[in-house]
Amino acid sequence: MIRALLAALLLTAPAFAADMSVFVRNQRSDGVALELFSRDSEKVWPGGDKVFFIRPQARKSVPISCEPGEHICWGAWVVGNDSVTAGVGPDNDQPCDTCCFICVEHSTETVDLAE
């Protein structure tokens, strides 16, 4: 009976989120805003109408919690001028072949923002 109960709990347990980091290197002379967008759901990091701000010539590691295997793309733009964009842009609507990655527990993805 106890084994059956444990088996039932294991089968109905929710999926666990993976914790990973995104390491951003802003090589630009401008401050940059960055958001991460899930391709598998409506999730956005950091969410809540906030952005990750990376100062000029700065490096920043941002932790995220995502579903293992989830496809995530990044969008960046110059602070104060969202017509200068990189990745999928501020509205997640630009085509990009090299700005997406897959969520993997305890991993780090690197984003380089060049001039």
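All of these numbers come straight from a predicted model, not from anything done at the bench.

What counts, and at which threshold
- Residues numbered from 1 in each chain as written.
- Predicted model: local features only at pLDDT ≥ 70, side-chain atom pairs only at ≥ 80, totals over all residues.
- Heavy atoms only, no water.
- Salt bridge = Lys/Arg side-chain N within 4 Å of Asp/Glu carboxyl O.
- Helix = DSSP H or I, 4+ residues; strand = E, 2+ residues; numbered from the N terminus.
- Buried < 20%, exposed > 50% of the residue type's maximum accessible area, 1.4 Å probe, protein only.
- Pairing = 2+ DSSP bridges.
- Axes fitted to C-alpha atoms, helices over the stretch in contact; angles between N-to-C directions.
- pLDDT = per-residue confidence, 0-100.
- Contact = heavy atoms within 4.5 Å.
- Disulfide = S-S within 2.5 Å.

Concerning the pattern of salt bridges
Item 1. Here the structure, examined in full by the defined rule, presents two salt bridges.
Item 2. Between Arg-25 and Asp-112 there is a salt bridge, and its shortest N-O distance comes to 2.5 Å. In this pair, Arg-25 is assigned in strand β1 (residues 18-26) and Asp-112 in strand β9 (residues 108-113), connecting sequence segments 87 residues apart.
Item 3. You can call Arg-25 partly exposed: its relative accessible area is 26%.
Item 4. One salt bridge in this structure joins Arg-28 and Asp-30, with 3.5 Å as the shortest N-O distance.

Description of the sheet that holds β9
Item 1. Reading across from one edge, β5-β1-β9 is the order of the three strands in this open sheet, with mixed pairing throughout. In this open sheet, the two edge strands, each paired with only one partner strand, are β5 (59-66) and β9. Each adjacent strand pair in this sheet contributes to an overall mean axis angle of 25°, direction not counted.

Some details on unusual backbone geometry
Item 1. A cis amide bond links Trp-45 to the next residue, Pro-46, at an omega of 5°.
Item 2. In this model, Asp-49 sits at a positive phi of 60°, which is unusual for a non-glycine residue.
Item 3. The class of Asp-49 is exposed, set by a relative accessible area of 85%.
Item 4. One non-glycine residue, His-106, lies in the positive phi region at around 55°.
Item 5. If you trace the backbone, His-106 turns up in the loop between β8 (100-102) and β9.
Item 6. By relative accessible area, which is 68% here, His-106 ends up exposed.

Quick word on the confidence of the model for the chain
Item 1. Taken over all residues, the pLDDT of the chain has a mean of 89, while the share at 70 or more is 87%.
Item 2. Of the regions scoring below 50 in pLDDT, residues 4-13 engages in zero contacts with residues more than four places distant in sequence or in other chains.

Some points on the state of the cysteines
Item 1. Scanning the entire structure with this criterion turns up three disulfides.
Item 2. Between the sulfur atoms of Cys-66 and its disulfide mate Cys-103 the distance is 2.1 Å. The sign of the S-S torsion, about 80°, decides the handedness of the disulfide formed by Cys-66 and Cys-103: right-handed. Taken as a pair, Cys-66 in strand β5 and Cys-103 in the loop between β8 and β9 lie far apart in primary sequence, 37 residues in all.
Item 3. Judged by its relative accessible area of 2%, Cys-103 falls in the buried class.
Item 4. The partner cysteine of Cys-96 in its disulfide is Cys-99, sulfur to sulfur 2.2 Å.
Item 5. For Cys-96, a relative accessible area of 23% puts it in the partly exposed group.
Item 6. Numbered in order of appearance, the disulfide-bonded cysteines of the chain are paired 1-6, 2-5, 3-4.

Thoughts on the side chain of Arg-28
Item 1. Here Arg-28 is to be found in the loop between β1 and β2 (32-38).
Item 2. The buried category is assigned to Arg-28, whose relative accessible area is 14%.
Item 3. Leave out the neighbours within four places in its chain, and Arg-28 touches Pro-56, Gln-57, Val-78, Val-84, Leu-113, Ala-114 and Glu-115.

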